[in-house]
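Listed below are the residues making up each chain.
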Amino acid sequence: MIAVLGYGSLIWDLDCLAPHVEGGWAMKAGPALPMEFSRISAKRKHGLVVCLDPVDGVDCATHAIRSRRHEIEEAATDLAQRERAPLGRIGLVCLRSGATAGRLAPIRAAVAAWCRQTGWDGAVWTDLEPNFASAAGQPFSVARGLDYLRDLSGESRAEAVRYIACAPSQTDTPLRRALAGRDWWEEARREIGV
């Protein structure tokens, strides 16, 4: 059994991954991993999206769904296609073969430990890095993230608001907490109906 781990838009939009998974999402069933909305996504009209971020992130629950695939490489390819990302941006751990991939050894170790504890043969996850500093020209901080979101307009702002509002509630990062109750954020949510 191979798990696909999710924590962002994958939860509400399986897209082309849908035929390759079965059952529903087991919410909060995956390992806790460090996350923050510290990635500027061209795919999401330059809004902020959640990514694994051990520097600025905090541990948040991930969610698991079963891949129909029996080979870890096939499950990774399916996820890469859904993410429209290179295969090198998909993390994986396979207890059967010993195969591992991913940017960060502590995350690979946490996923491997979770697989051993829960009986999964392996898992795949999206492993896109934070890019706020390179895309925005300054290091990420909650204050800079808030300023960045507040300065977005039009489709970019609507997509950023929709994405953060629709992310699972367990993706409870410092930026998301800082947004709660801010008048401009609540107004933006009302404008797009989320």
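Sequence order as written defines residue numbering, which begins from 1 separately in each chain. With pLDDT at 70 or above as the cut-off, local features in this predicted model cover only qualifying residues; side-chain atom pairs require 80 or more to be listed or tallied, and sums for whole chains, interfaces and linings still use all residues. Side-chain metrics in this entry use all non-hydrogen atoms of the structure; hydrogen atoms and water are not considered.

**Things to note about unusual backbone geometry**
Phi at K45 is positive, roughly 60°, even though this residue is not glycine. Along the polypeptide, K45 turns up in the loop between β3 (33–41) and β4 (47–52). Exposure categories follow from relative accessible area, calculated using a 1.4 Å probe and restricted to protein chains: below 20% of the type maximum is buried, above 50% is exposed, and the middle band is partly exposed. Here K45 falls in the partly exposed class, since its relative accessible area comes to 37%. Here a helix means four or more residues in a row that DSSP labels H or I, a strand means two or more in a row labelled E, and each is numbered from the N terminus.

**Points about the side chain of E159**
With respect to the helices, strands and loops of the structure, E159 is situated in helix α5 (residues 154–166). Contact criterion: two residues are considered in contact whenever any of their non-hydrogen atoms come within 4.5 Å of each other. If we ignore the near neighbours within four places in the chain, the residues touching E159 are R44 and K45.

**Overview of the environment of P139**
Tracing the backbone through its elements, the reader meets P139 in the loop between α3 (132–136) and α4 (142–151). Sequence separation of P139 and D151 is 12 residues, and the distance between their C-alpha atoms is 17 Å. Sequence-distant contacts of P139, defined by excluding residues within four places in its chain, comprise F132, A133 and R144.

**Quick notes on the sheet that holds strand β5 (residues 58–60)**
An order of β4-β3-β5 is seen for the 3 strands of this open sheet, with the pairing classed as antiparallel. Two strands bound the open sheet, and with one partner strand each, they are β4 and β5. Direction aside, neighbouring strands of the sheet carry axes that sit 55° apart on average. Here, strands pair whenever DSSP counts at least two bridges between them. Lines fitted to the C-alpha atoms define the axes, with helices restricted to the stretch that makes contact. Angles between their N-to-C directions range from 0 to 180 degrees.

**Structural notes on the sheet that holds strand β7 (residues 90–94)**
Taken in spatial order, the 6 strands make up an open sheet running β2-β6-β1-β9-β7-β8, and their pairing is mixed. Of all strands in the sheet, those bounded by a partner on one side alone are β2 (21–26) and β8 (100–101). Note that strand β1 (residues 2–6) and strand β6 (residues 63–67) share 4 bridges and pair antiparallel. Residue pairing in the sheet places L5 in a bridge with A64 of β6. Helix α1 (residues 72–83) contacts β1, β6, β7 and β9 (122–126) of the sheet and is inclined by roughly 20° relative to β9. Sheet contacts for helix α2 (residues 105–118): β1, β6, β7, β8 and β9; angle to β9, the most-contacted strand, approximately 140°.

**A look at the side chain of E83**
With respect to the helices and strands, E83 occurs in helix α1. Take E83: its relative accessible area is 12%, and that puts it in the buried class. What E83 contacts, discounting residues up to four positions off in sequence, is K43 and T126.

**A short note on α5**
Along an α-helix, residues three or four apart share an orientation, since each turn contains 3.6 residues. Multiplying 1.5 Å by the residue count of a helix minus one yields the expected span of that helix. The end-to-end C-alpha distance of α5, which contains 13 residues, comes to 18 Å, matching closely the 18 Å that a straight helix rising 1.5 Å per residue would cover. Buried residues along α5 sit against β3, β4, α4, α6 (174–179) and α7 (183–192).

**Concerning the pairing of β3**
Counting buried positions over the 9 residues of β3 gives 9, a clear majority of the element. Here β3 runs beside β5; their pairing, made up of 3 bridges, is antiparallel. The residue bridging L33 from the neighbouring strand is C60, located in β5. As judged from the 5 bridges shared by β3 and β4, these two strands associate in the antiparallel manner. Bridge pairing in β4 places I40 opposite L48.

**Topic: the nonpolar core**
Ranked by size, the top nonpolar core spans 39 residues in total, and within it V111 and L149 carry the most contacts. Per-element accounting of this core gives the leading share, 5 residues, to α2. The contact partners of L149, leaving out residues within four places of it in the chain, are L48, A160, I164, L175, L179, W184 and W185. Throughout, nonpolar core names a set of buried Ala, Val, Leu, Ile, Met, Phe, Trp, Tyr and Cys residues whose side chains join them through atoms within 4.5 Å. If you look at the next biggest cluster of nonpolar residues, it comprises 17 residues, including V4, L17, V21 and I72.

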